[in-house]
Structures are given as C-alpha cells and as structure tokens.
Amino acid sequence: MAGTKQGLTPMELSSFCSEVALMLGAGMALYSGMEALEKTYENDPHAQLYQAISSGVVETGSLHDALEATHAFPRYMVEMCGIGERTGHLEEVMQGLSVYYERESRIRQAVRSAVTYPLVLAVMMVLILLVLILKVMPVFRRVLGSMGVAMTSSGSAMMAVGTVIGWVVLVLVLLCTAGIIACVLLMKTQRRERVLAALRRVFPPLRQLSLRLASSRAASVLAMMLSGGFPLEQALEMVPLVLPDAEAAEEINKIREKMAQGESFSDALTSSRLFDEIHRQMLRMGIAAGREDQVMEKIAQTYEEQVEDGISNLVSIIEPTMVAALSIVIGAVLLSVMLPMAGIISSIL
C-alpha cells in the first residue's frame, strides 16, 4: 500500500486516538470503526490518510501496521499501538495517547506564543540597526561636511564606537535569530533527533526533561506489558522502541545486559539513571509483592506529571528571558545612536 506523508497536528492526533478509543469502548470492530472514520472525514484535507488507514486495517487487521504503512504518524504512537494490540489494552493505550497529544498541543502552542513575540522584536531590531548604520550615520556625516564642521577627536571616537556597537549588536541579533529559525526548520526534517540531541547537550533543563520523558514512557510500557502477562525480558525488548532518544534506549539495553548476566531486575536498576532511588525502592517492594505492573503504572504517572510541570516552568521563563535580552539589545541600539549624536554636538560646540 502506498504511504502518504501528510501527517496530523498534535490536536488532530489527540482527536484520532480519542475516536478510536471511543469506538473500541463501544464494542465496534476495529475495521468497522476505521471505515466509519473514513466516511466521517471523506471531505477533510486528510481524507486520503484516513482512507489509507482504513484500507490497511482491512488488509492486515492491525492498527499498528496500518499506521506504520502511512509513514505519517509519530514513531511513539505507532509503537504504542503495537504494544496495545499485543497486550489487549489498545483502548487504554489510545486513551492515554489522546491525553498525551492534547498536552503536547498545548505545550507547542505555549512555546510558539513565547517565542514569536521576541522573534518579531528581533527582526525589528535588525531593520532599525540597518537603517541607523547604513542610512542615518552617513547622513550625519554628510550634513557635518556640508556645514563645514570638523569632527573633534573625541567626537570621531564616539561616532566610531557607536558604529561598532551597532554592527556588533546587529551581528549578534542576526546570529541568534538565524539560529532559532534554523532549529525550528530542522525540527521539521529528518534531522529532528540530531537537533534535539544537540539542544540536550547545551541546555541542561532540556536534558533533564528528556530523561524524565524516557522514564515515563519506559514505566508506562512495562506496566502495560506486565499487566498483559508478558515476561519482563520480553517487555524490556519493547521499551527502546518508544523512547525519545538513543541515550535512554542505551540505559534499557544496559539493564537487559545485566539481567542476562544473572542480576535481578531491581539490582540491574541500581546503576540506571532512568529511575530515582525512591522509585527503585518502590519497584523492589512491588516485585516482592507481585504487583510490579501497578507500581510501574504509578511511577509512569509520577514522571509524566514531572515532565508536564517541567515543560510548563520552562515555557513560562522563555518569554521574559528573551524580552530581557532584547531590552539589552534596545539599550545597545540607543547607545549606538546617542554616542554619534554626542560626537556631533561636541564637534559643533
């Protein structure tokens, strides 16, 4: 089946997952639900995508395979659907994914709002600086020459300093603006993972959030598969498929290697960075009581809440931080104007 790359927005993904969960909860067969969904959205811009999903479910009987064939859905969502089908918890998985993508939509909107305004100011600053340096400064010099006023050494020095400050600020603003725009554009390409990895290396709060997200996803998958009766070793094989980065997947692989060497799961977790000490203790108690799936589910909820709070806090400081930085830029712009003007005044006087 030919795939389509026209994907859905996070809010549309949330709506799709919610509708699938609703159909499954109502007792509809998956293929019947997909056919109904195809008819509902036959006049939608994504009608071709829903048709492809419906055809894929009819052909394969698997929502995971149908979504994967379209190449239009996030890897996390596709793999979670596969896990839901294997464990018999597809309805619960789709409900969880609906909440997840609704939250992601809110977060993206908040980030977009926090970044757009400062970027607009940055562009305005670039235009103002270009006008000052390329138009206003030369006019000052020509006016002084036509008036026969000779610049004093101090006036010339101040004008030179002002011009240099203007160029420096212009270059810095251009570099920052270009860097932000480049990151935004690269995030929409196949280099998304590389960009995120680079941002995690240079921005510690983002690295911590990524680790917490990995912990939440790992605990969620383990809880789901353990409750579905899958052996722990098989459950661990599925975890790397839904993790956000290779670094987190490597942590799971280390746990699997230690278990292969004879260590227990709780002992293998001791050196892992995915779970905090208090949660490792909870897991030991849960394993001893035979309730590791319930403990994993609780841990997943805890880390998910930490991720949401961390992202909200990060977004809340983006706008004031960028506005503060732009205030410094504005001060530098004013300085670049005032110094040449002071030079002109000192030359006339």
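Visitor: Looking at this model, I keep getting lost on the overall build of the chain. Mind explaining?
Guide: Helix and strand counts for the chain come out as 14 helices and zero strands. Scanning the chain from its N terminus toward the C terminus, one meets helices and strands in the order α-α-α-α-α-α-α-α-α-α-α-α-α-α. For the chain, the proportion of its 349 residues judged to be buried stands at 40%. Here the contacts in the chain between residues at least 6 apart in sequence split such that 65% fall between residues at least 24 apart.

Visitor: Hey, could you run me through the packing of helix H4 (residues 63-70) against helix H5 (residues 75-87) in this one?
Guide: Axis angle and axis distance: for two packed helices, these are the angle between their axes and the distance between the axes, and together they describe the pair. H5 packs onto H4 with a crossing angle of 165 degrees between their chain directions and a minimal axis gap of 8 Å. The angle between the axes of H4 and H5 places the two elements in the roughly antiparallel class. Like other packed secondary-structure pairs, H4 and H5 cross with a definite hand, here left-handed. Where H4 abuts H5, its residues Leu-63, His-64, Leu-67 and Glu-68 lie against Met-77, Val-78, Glu-79, Cys-81, Gly-82 and Glu-85. Split into classes, the residues belonging to the contact of H4 with H5 amount to five nonpolar, two polar and three charged.

Visitor: What am I meant to see in unusual backbone geometry here?
Guide: The phi angle of most residues is negative, glycine excepted, and most peptide bonds adopt the trans form. The phi torsion at His-71 lies on the positive side, around 60 degrees, for a residue other than glycine. With respect to the helices and strands, the residue His-71 is situated in the loop between H4 and H5.

Visitor: Please clarify how a nonpolar patch on the surface should be interpreted in this entry.
Guide: On the surface, Val-123, Leu-127, Leu-130, Leu-134 and Trp-167 cluster together to form a nonpolar patch covering roughly 450 Å² of accessible area. Along the polypeptide, Trp-167 turns up in helix H7 (residues 153-186). The class for Trp-167 is partly exposed, based on a relative accessible area of 38%.

Visitor: Got a minute to help me understand the pattern of salt bridges in this structure?
Guide: Here the idea is simple: oppositely charged side chains can pair when their charged atoms come close. Using the criterion set out here, one finds five salt bridges in the structure. Across the salt bridge formed by Asp-276 and Arg-212, the nearest N and O atoms sit 2.9 Å from each other. Remark: Arg-212 occurs in helix H9 (residues 204-227) and Asp-276 occurs in the loop between helix H12 (265-268) and helix H13 (277-289); sequence separation between them is 64 residues. Residue class for Arg-212 comes out buried when judged on its relative accessible area of 10%. Arg-273 is the partner of Glu-251 in a salt bridge, and the nearest nitrogen-oxygen pair spans 3.6 Å. Here Glu-251 is found in helix H11 (residues 246-260), whereas its partner Arg-273 is found in the loop between H12 and H13, with 22 residues between them in sequence. For Arg-273, a relative accessible area of 40% translates into the label partly exposed. When salt bridges with common partners are traced through the structure, they connect Glu-277, Arg-280 and Arg-284 into a single cluster.

Visitor: So what exactly am I meant to see when it comes to helix H3 (residues 47-60) here?
Guide: Think of an α-helix as 3.6 residues a turn; residues three or four steps apart then line up on the same face. Under the 1.5 Å per step criterion, the end-to-end length of H3 is 20 Å for 14 residues, consistent within 8% with the ideal 20 Å. Along H3, the positions that sit buried rather than exposed are Ala-47, Leu-49, Tyr-50, Ala-52, Ile-53, Ser-54, Gly-56 and Val-57. Here the buried face of H3 lies against helix H1 (10-25), helix H2 (30-40) and H4. Where H3 ends, the next residue or the one after it, Gly-61, has phi of about 75 degrees, a positive value.

Visitor: Is there a simple way to explain the state of the cysteines in this structure?
Guide: By definition, a disulfide links the sulfur atoms of two cysteines through a covalent bond. By the definition in use, this model includes zero disulfides. With no disulfide of its own, Cys-81 lies 6.3 Å from the sulfur of Cys-17, the closest cysteine sulfur.

Visitor: Would you explain the confidence of the model for the chain in this entry?
Guide: A low pLDDT score tells you not to read the predicted coordinates there in detail. Per-residue confidence for the chain gives a mean pLDDT of 79; residues scoring 70 or more make up 85%. Confidence drops under a pLDDT of 50 for residues 1-5, and excluding neighbours within four residues, the segment shows 16 contacts in the predicted structure.

Visitor: Quick question: what am I supposed to make of H4 here?
Guide: Buried within H4 are the following residues: Leu-63, His-64, Ala-66, Leu-67 and Thr-70. What you see down the axis of H4 is that its buried residues fit within an arc of 165 degrees, all on one side. A side-chain oxygen of the first residue of H4 lies 3.3 Å from the backbone nitrogen of His-64; this N-cap is Ser-62. Directly beyond the C-terminal end of H4, a positive phi value near 60 degrees is found at His-71.

Visitor: What exactly am I supposed to notice about the nonpolar core here?
Guide: Side chains of nonpolar character tend, in soluble globular proteins, to be buried together. Counting 66 residues, the largest nonpolar core has Phe-16, Leu-63, Phe-73, Met-77 and Met-94 as its most contacted members. With 10 residues, the top contributor of residues to this core is H9. Excluding its chain neighbours within four sequence positions, the residues that come into contact with Leu-63 are Val-20, Leu-30, Met-34, Ile-53, Val-57, Cys-81, Glu-85, Leu-90 and Met-94. In terms of nonpolar packing, the next biggest core, distinct from the first, is built from seven residues, Ala-122, Leu-129, Val-169 and Val-173 among them.

Basis of the calculations
Residues numbered from 1 in each chain as written. Predicted model: local features only at pLDDT ≥ 70, side-chain atom pairs only at ≥ 80, totals over all residues. Heavy atoms only, no water. Helix = DSSP H or I, 4+ residues; strand = E, 2+ residues; numbered from the N terminus. Buried < 20%, exposed > 50% of the residue type's maximum accessible area, 1.4 Å probe, protein only. Contact = heavy atoms within 4.5 Å. Axes fitted to C-alpha atoms, helices over the stretch in contact; angles between N-to-C directions. Parallel < 35°, antiparallel > 145°, perpendicular 65-115°, else oblique. Left-handed = near helix turned anticlockwise from the far one by under 90°. Nonpolar A, V, L, I, M, F, W, Y, C, P; charged D, E, K, R; others polar. Patch = residues over 30% accessible without salt bridge, like charges linked within 9 Å, V, L, I, M, F, W, Y side chains within 5 Å. Areas by Shrake-Rupley, 256 points an atom, 1.4 Å probe, with all protein chains shown as cover. Salt bridge = Lys/Arg side-chain N within 4 Å of Asp/Glu carboxyl O. Expected span 1.5 Å × (residues − 1). Disulfide = S-S within 2.5 Å. pLDDT = per-residue confidence, 0-100. Arc of directions from axis to C-beta. Polar contact = N/O pair within 3.5 Å; in protein donor to acceptor, adjacent residues only side chain to side chain. Core = buried A, V, L, I, M, F, W, Y, C linked by side-chain atoms within 4.5 Å.

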